[in-house]
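The primary structure of each chain is shown beneath.
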Amino acid sequence: MPRRLLATLVGAVLQAALALGLTAPAAAQDFDLVIVKGRVVDPESGLDAVRSIGVRGGTIAAISDAPLTGRKVIDAAGLVVAPGFIDLHAHGQTEETYRLQALDGVTTSFELEVGTADVDRWYRERDNGRLINFGVSIGHIQVRMAVLRDPATFLPTGDAAHKAGSKAEIAEMARRIDEGLRQGAVSVGLGPSYTAAATPWEILEMFRVAGRHRASVHVHVRGGMTGLEEVITGALITGAPVHVVHINSSSLSLTREMLQIIAEARARGLDISTEAYPYAAGMTEIQSANYDGWEQWPDERFGTIEWPVTGERLTRETFRKYRGIGGPVIGHSNTDEMVAVAINSPLTAIASDGYMANGIGHPRTVGTYSKVLGRYVREARSLSLMDALMKMTLMPARRLEARVPAMAGKGRIRVGADADLTIFDMARVVDRSTYRQPSLPPEGIRHVVVNGVPVVSEGKLVPGVAPGRAVRAPR
Ligand SMILES: [Zn+2]
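Residues numbered from 1 in each chain as written. Predicted model: local features only at pLDDT ≥ 70, side-chain atom pairs only at ≥ 80, totals over all residues. Heavy atoms only, no water.

### Some remarks on the coordination of the zinc ion
Right, on to step 1. Within the protein, His-89 (NE2), His-91 (NE2), Glu-113 (OE) and Asp-353 (OD) serve as the donor atoms for the zinc ion, at 2.1 to 2.3 Å.
Right, on to step 2. Of note is the zinc ion, whose four donor atoms meet at the metal with angles of 80 to 166° in an arrangement that counts as irregular.
Right, on to step 3. Donor residues for the zinc ion sit on one chain with the sequence pattern H-x1-H-x21-E-x239-D. Residue His-91 is located in the loop between strand 6 (85-87) and helix 2 (95-103), and its partner Glu-113 is located in strand 7 (residues 106-116); the two are separated by 22 residues in the primary sequence. (Donors = N, O, S within 2.8 Å, 3.2 Å for Na, K, Ca; no water. Tetrahedral: all angles 85-135°; square planar, octahedral: opposite > 155°, others 65-115°. Helix = DSSP H or I, 4+ residues; strand = E, 2+ residues; numbered from the N terminus.)

### Digging into the pairing of strand 13 (residues 281-285)
Right, on to step 1. Most of strand 13 sits inside the fold, with five of its five residues counted as buried.
Right, on to step 2. Sheet topology places strand 13 next to strand 16 (residues 328-332); five bridges connect them, and they run antiparallel. Paired with Glu-285 across the two strands is Pro-328, which belongs to strand 16. (Buried < 20%, exposed > 50% of the residue type's maximum accessible area, 1.4 Å probe, protein only. Pairing = 2+ DSSP bridges.)

### Regarding the packing of aromatic side chains
In this description, an aromatic ring pair is defined by two values, namely the gap between the centres and the angle between the planes.
Right, on to step 1. Scanning the model with the defined rule gives 15 aromatic pairs in all.
Right, on to step 2. Ring geometry for Trp-294 against Phe-319: centres 5.1 Å apart, planes inclined by 45°, an arrangement best described as tilted. Of this pair, Trp-294 sits in the loop between strand 13 and helix 11 (299-302) while Phe-319 is found in helix 12 (residues 316-325), placing the two residues 25 residues apart along the sequence. For the residue pair Trp-294 and Phe-319, the accessibility class agrees, reading buried in each case.
Right, on to step 3. Through a chain of ring-to-ring contacts, the aromatic side chains of Tyr-291, Trp-294, Trp-297, Phe-302 and Phe-319 assemble into a single cluster.
Right, on to step 4. For Arg-208, the ring lying beneath its charged end belongs to Trp-201, and the centroid distance is 4.4 Å. (Phe/Tyr/Trp six-rings, centres within 6.5 Å; stacked < 30°, edge-to-face > 60°. Lys NZ or Arg CZ within 6 Å of the ring centre and 35° of its normal.)

### Comments concerning the pattern of salt bridges
Right, on to step 1. All chains considered together, the criterion is met by 31 salt bridges.
Right, on to step 2. With its nearest N and O atoms 3.2 Å apart, the salt bridge here joins Glu-169 to Lys-163.
Right, on to step 3. Lys-163 gets classed as partly exposed once you look at its relative accessible area, which sits at 32%.
Right, on to step 4. With a closest N to O distance of 3.6 Å, Arg-175 and Glu-179 form a salt bridge. Here the residue Arg-175 and the residue Glu-179 both occupy positions in helix 6 (residues 167-182), the gap between them amounting to four residues, near one helical turn.
Right, on to step 5. A residue is classified by how much of its surface remains accessible, and Arg-175, at 40% relative accessible area, is partly exposed. (Salt bridge = Lys/Arg side-chain N within 4 Å of Asp/Glu carboxyl O.)

### Regarding helix 10 (residues 255-267)
Within an α-helix, residues lying three or four positions from one another point in the same direction, as the helix has 3.6 residues per turn.
Right, on to step 1. With 13 residues, helix 10 extends 18 Å between its outermost C-alpha atoms, agreeing within 8% with the 18 Å of an ideal straight helix rising 1.5 Å per residue.
Right, on to step 2. Within the sequence span of helix 10, burial applies to Thr-255, Met-258, Leu-259, Ile-261, Ile-262 and Ala-265. The buried side chains of helix 10 occupy one side of the element, clustering within an arc of 155° when seen end-on.
Right, on to step 3. Of the surrounding elements, those touching the buried residues of helix 10 are helix 8 (224-238), strand 11 (242-244), helix 9 (247-251), strand 12 (272-276), helix 13 (336-344) and strand 17 (348-350).
Right, on to step 4. Where helix 10 terminates, the next one or two residues include Gly-269, which has phi positive at roughly 95°. (Expected span 1.5 Å × (residues − 1). Arc of directions from axis to C-beta. Contact = heavy atoms within 4.5 Å.)

### Concerning the environment of Gly-184
Right, on to step 1. Secondary-structure assignment places Gly-184 in the loop between helix 6 and strand 9 (188-190).
Right, on to step 2. Its relative accessible area of 0% is what places Gly-184 among the buried residues.
Right, on to step 3. Here the alpha-carbon distance between Gly-184 and Val-471, two residues 287 residues apart in the chain, equals 9.0 Å.
Right, on to step 4. In this structure Gly-184 touches Val-119, Tyr-123, Arg-403, Arg-472, Ala-473 and Arg-475, once residues within four positions along its chain are discounted.

This is the structure we're talking about:
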């Protein structure tokens, strides 16, 4: 065939292909970043295949089975490429906790349970960008502490835990919740377990405000089944969606029953969701109202509590001493069997309830996601990879996206979505943090990309980057 004819034919075929959108000339593309040859797993579309991803301007611009080229290349051969993990429940929200969460594959971190009493200020403090994306709720715990002038900073130890609110005080709390939502809070936080003196009526008043804004209420329920029933009632009466935080530690031996109630309420059309973290021990403040009435405990119960600074298990005497000092404690209160029920349930999103300050904290802060992938997906095979990723990405995104449209661009790998991506080695991924060494980063989380910028590369933090953006409801 004459050369000129061949060239014309090739040109015509290429043009036709281009017109049909079948191919894009890879070399001509100008991506900021390409992630090549990875196993792309996306719970929204069900895609599970080797693809290359092209990122431009912080957004996924191409997903292709042909090679792509760009200024930066991540070779993901042999690795899983997943949407970045979205954590609906993470305390701290400091550089220390963002670093640990990034190493565990988290690209968006929310403080929705305790939240804040001042939404504008909370976002202003993070204005210049953070390592990962972040967002907050207007939190009834914090608002109640401000209105009742509680002396504590994180969880109440004074009147916010122990005093019933007057009519005027409850009205002031409702006003501040409303104001926080108008300032773009992602949701409403509620913790009647910590604000034990808040009456069912007060709790319902907060649900009413959330209902008017169609904001989900993220609740640490009071103990036992009645705590769950209280918030189901609140959602039913007010129309506010409700999200029960850490069903594992709120249900303990009743985990199957509480999950059944949530499933039944959903089947009746109630907008209720929940979450779990994969550890049999929890962590909270020793001075919190959760431990009110400790004087009546039997001796052996103190031994379930660990003082993380020293690793010692407590006695009646040391509990009294540390309750006077204050600080976080590890409560060994659940069983591995019940934790597995919670994690394996199709109802639960994975959320860390992370907590770390100056190296003192809970191993879940840096181990939650790698632990579920390593222990549940690879070792126990009780969860498929797709189902586990659903719980870490799409499910938390969907929980928030009715109120926060930005979340519709997260938790999925599709053209136009935010380039938040977590790239890991399924053969090796596993947590390494322990109660004694809570900050040990996991193994196998190889690359983490936030808004198109790598924040973890080859398992190590990338210095000097802060691509994380505020996630906020429209104001
Ligand atoms: Zn929490």
